[in-house]
Amino acid sequence: MHRVYFDNNATTPVLPEVLEAMQPYFSNHFGNASSIHHHGQETRAAVERARESVAALLGCKASEIVFTSGGTEADNLAIFGLVREGDHVVSSTIEHHAVLNSCKHLQSTGCEVTYVPVDARGLVDPDAVRRALRPNTRLITIMMANNETGVLQPVEEIGKIANEADIYFHTDAVQAAAKVDIDVKQVGCDLLSISGHKMHAPQGVGALYVHKGTRLQPMLYGGSHERSRRAGTENVPAIVGLGKAAALAKAALNRGEFSPMAQMRDHIERQILAQIEATGVNGGGAPRVPNTTNICFDGIEGEALVIALDLKGLAISTGAACSSGAIEPSHVLLAMGLPAERARASIRFSLGKQNTREEVDFALSLLSPTVDRLRELSPVYNKQAVSH
Ligand SMILES: Cc1ncc(COP(=O)(O)O)c(C=O)c1O
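Residues numbered from 1 in each chain as written. Predicted model: local features only at pLDDT ≥ 70, side-chain atom pairs only at ≥ 80, totals over all residues. Heavy atoms only, no water.

S.K.: Help me understand the overall build of the protein, please; the structure alone is not making it clear to me.
M.R.: Helices and strands together make up the secondary structure of the protein, namely 14 helices and 12 strands. Taking 21 Å as the expected radius of gyration for a compact globule of 388 residues, we find that the protein reaches 21 Å, a close match to that expectation. Here the C-alpha coordinates of the protein stretch approximately 70 × 55 × 35 Å along the principal axes. A fraction of 73% describes how many contacts in the protein between residues 6 or more apart in sequence connect residues 24 or more apart. For the protein, the exposed area adds up to about 16,300 Å²; of that, 53% sits on carbon and sulfur atoms. (Helix = DSSP H or I, 4+ residues; strand = E, 2+ residues; numbered from the N terminus. Rg over C-alpha atoms; globule rule 2.2 N^0.38 Å. Contact = heavy atoms within 4.5 Å. Areas by Shrake-Rupley, 256 points an atom, 1.4 Å probe, with all protein chains shown as cover.)

S.K.: Quick question: what am I supposed to make of the site of the ligand here?
M.R.: Taken together, 13 residues sit near the ligand, with Gly-71, Thr-72, Asp-172, Ser-195 and Lys-198 positioned nearest. Contact between the ligand and Gly-71: an oxygen atom at 2.8 Å from a main-chain N or O atom of the residue. Within the side chain of Ser-195, one N or O atom sits 2.6 Å away from an oxygen atom of the ligand. Protein coverage of the free-state accessible area of the ligand, which is 390 Å², stands at 86%. By residue number, the principal contributor to the shell around the ligand is helix H3 (residues 71-82), which donates 3 residues. (Near = heavy atom within 4 Å. Polar contact = N/O pair within 3.5 Å; in protein donor to acceptor, adjacent residues only side chain to side chain.)

S.K.: Could you clarify how one ought to interpret the sheet that holds strand S7 (residues 191-195) in this entry?
M.R.: Strands pair in a sheet through their backbones, by hydrogen bonds, and they do so in one of two ways: parallel or antiparallel. Taken in spatial order, the 7 strands make up an open sheet running S2-S8-S7-S6-S5-S3-S4, and their pairing is mixed. Strands with a single pairing partner mark the edges of an open sheet, and in this sheet they are strand S2 (65-68) and strand S4 (112-116). Taken pair by pair, the neighbouring strands of this sheet meet at an average axis angle of 20°, ignoring direction. Where H3 meets the sheet, its contacts fall on S2, strand S5 (137-141), strand S6 (168-172), S7 and strand S8 (206-210), and the angle it forms with S7 comes to roughly 160°. (Pairing = 2+ DSSP bridges. Axes fitted to C-alpha atoms, helices over the stretch in contact; angles between N-to-C directions.)

S.K.: Please explain a negative patch on the surface as it appears in this structure.
M.R.: Judged by side-chain charge, Asp-125, Glu-156, Glu-157, Asp-181 and Asp-183 come together as a negatively charged surface patch. Position of Asp-181 among the secondary structure elements: in the loop between S6 and helix H7 (184-187). (Patch = residues over 30% accessible without salt bridge, like charges linked within 9 Å, V, L, I, M, F, W, Y side chains within 5 Å. Salt bridge = Lys/Arg side-chain N within 4 Å of Asp/Glu carboxyl O. Lys, Arg positive; Asp, Glu negative; His and termini not counted. Charge placed at Lys NZ, Arg CZ, Asp CG, Glu CD.)

S.K.: Can you walk me through the nonpolar core in this structure?
M.R.: Soluble, globular proteins show a tendency: their nonpolar side chains are buried together. Phe-6, Leu-58, Leu-192 and Phe-297 are the most contacted members of the largest nonpolar core, which totals 97 residues. The residues contacting Phe-6, other than those within four sequence positions of it, are Ile-268, Leu-314, Ala-315, Ile-316, Arg-348, Phe-349, Ser-350, Leu-351, Asn-355, Glu-359, Val-360 and Ala-363. The next biggest cluster of nonpolar side chains, apart from the first, holds 18 residues, and it includes Val-66, Val-83, Cys-103 and Leu-216. (Core = buried A, V, L, I, M, F, W, Y, C linked by side-chain atoms within 4.5 Å. Buried < 20%, exposed > 50% of the residue type's maximum accessible area, 1.4 Å probe, protein only.)

S.K.: Any chance you could explain the packing of helix H2 (residues 38-58) against helix H9 (residues 236-254) here in plain terms?
M.R.: The description of two packed helices rests on the angle between their axes and on the distance between the axes. Where H2 meets H9, the axes come as close as 8 Å, and the angle between the chain directions of the two elements is 35°. The chirality of how H2 crosses H9 is left-handed. Seen from H2, the contacting residues are Thr-43, Ala-46, Val-47, Ala-50, Ser-53, Val-54, Ala-56 and Leu-57; seen from H9, they are Val-236, Ile-239, Val-240, Leu-242, Gly-243, Ala-246, Ala-247, Ala-249, Lys-250 and Leu-253. (Left-handed = near helix turned anticlockwise from the far one by under 90°.)

S.K.: So what exactly am I meant to see when it comes to the environment of Gly-70 here?
M.R.: Note on placement: Gly-70 falls in the loop between S2 and H3. The exposure class of Gly-70 is buried, given its relative accessible area of 8%. For the pair Gly-70 and Ala-132, spaced 62 residues apart in sequence, the C-alpha separation works out to 29 Å. Other than its neighbours up to four places away in sequence, Gly-70 contacts Ile-194, Gly-204, Val-205 and Gly-206.

This is the structure:
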């Protein structure tokens, strides 16, 4: 069956060049990067080259990059590495669960957390962040790009507020890295998380930018790997893959290769809105990463549309992969003020480097008849009543 994959915010395929770069480190160059002999030196050099390349993507020094097992660990290390009992944290209502559930855990251990709301476009108001600050605020953790809507948050303004108040600022850039230019100095953050598998590197590797001088309590104890910030033998092939993916992304960003992707995304939106009645883009009025759109199809159950389209060869998603299967509507869309039934009727399309215009046409050809059929079956869909 012809299959098209538009769920790149869940995970991306490893690019052939990335796989090629990784391959020697599974067998030929297998040394432990901490060993002092030739084999260790070889892999140490590869890890340090990857560090340089991730640092170049983020505009920081190589020594400020800590490799982790992914975005979740990077978020956890940033939060639990800094926050202590009695501290106050400012976050937002639309964070990924890697941040939200870390904050929830903090609340159970004697910390206070303020979750700043978002407006109907999915944007945090920097003034609300400022107003939330207290004398004991230790950390602001607000994401750069939302995984469900692609909405880019005003992180530079938040960074300024954090710097003025002398408070640490962490941003989860898992869905922004390799899609938009990032310069940690311009963002003004102390900590920034990325994840390999959202940028065409393998699953199970990520990185945390830690501004020089930021003292983090490690979460893992063991050897003095990663300058004692993250113990454990490095996952060399995956780190090499992340380094290669970062270099490819940097070159692609420099060449402006993401504007065709944004055009494809905009084409999908325009066509859906023109061809299918009672549809709307969630977060469409805000700045967004170029690959993501989140669309509400009134009167359908998002999960039913995902399954129906999967049977026809199109992979999309209702939002966060980890909550698929759960009946609850997306916390992100609810936070934007969507009623529960509209949040449940919303679908995310997320493009990757491998997607083509032909795939977009294929997806569009499936959508209208599938939505029509589901609406015919829907007890709640009423043509006369819909409006957007
Ligand atoms: C915004 C955001 N943060 C964190 C994560 C977690 O990253 P990982 O899957 O590498 O643990 C994800 C993954 O979906 C994400 O989208």
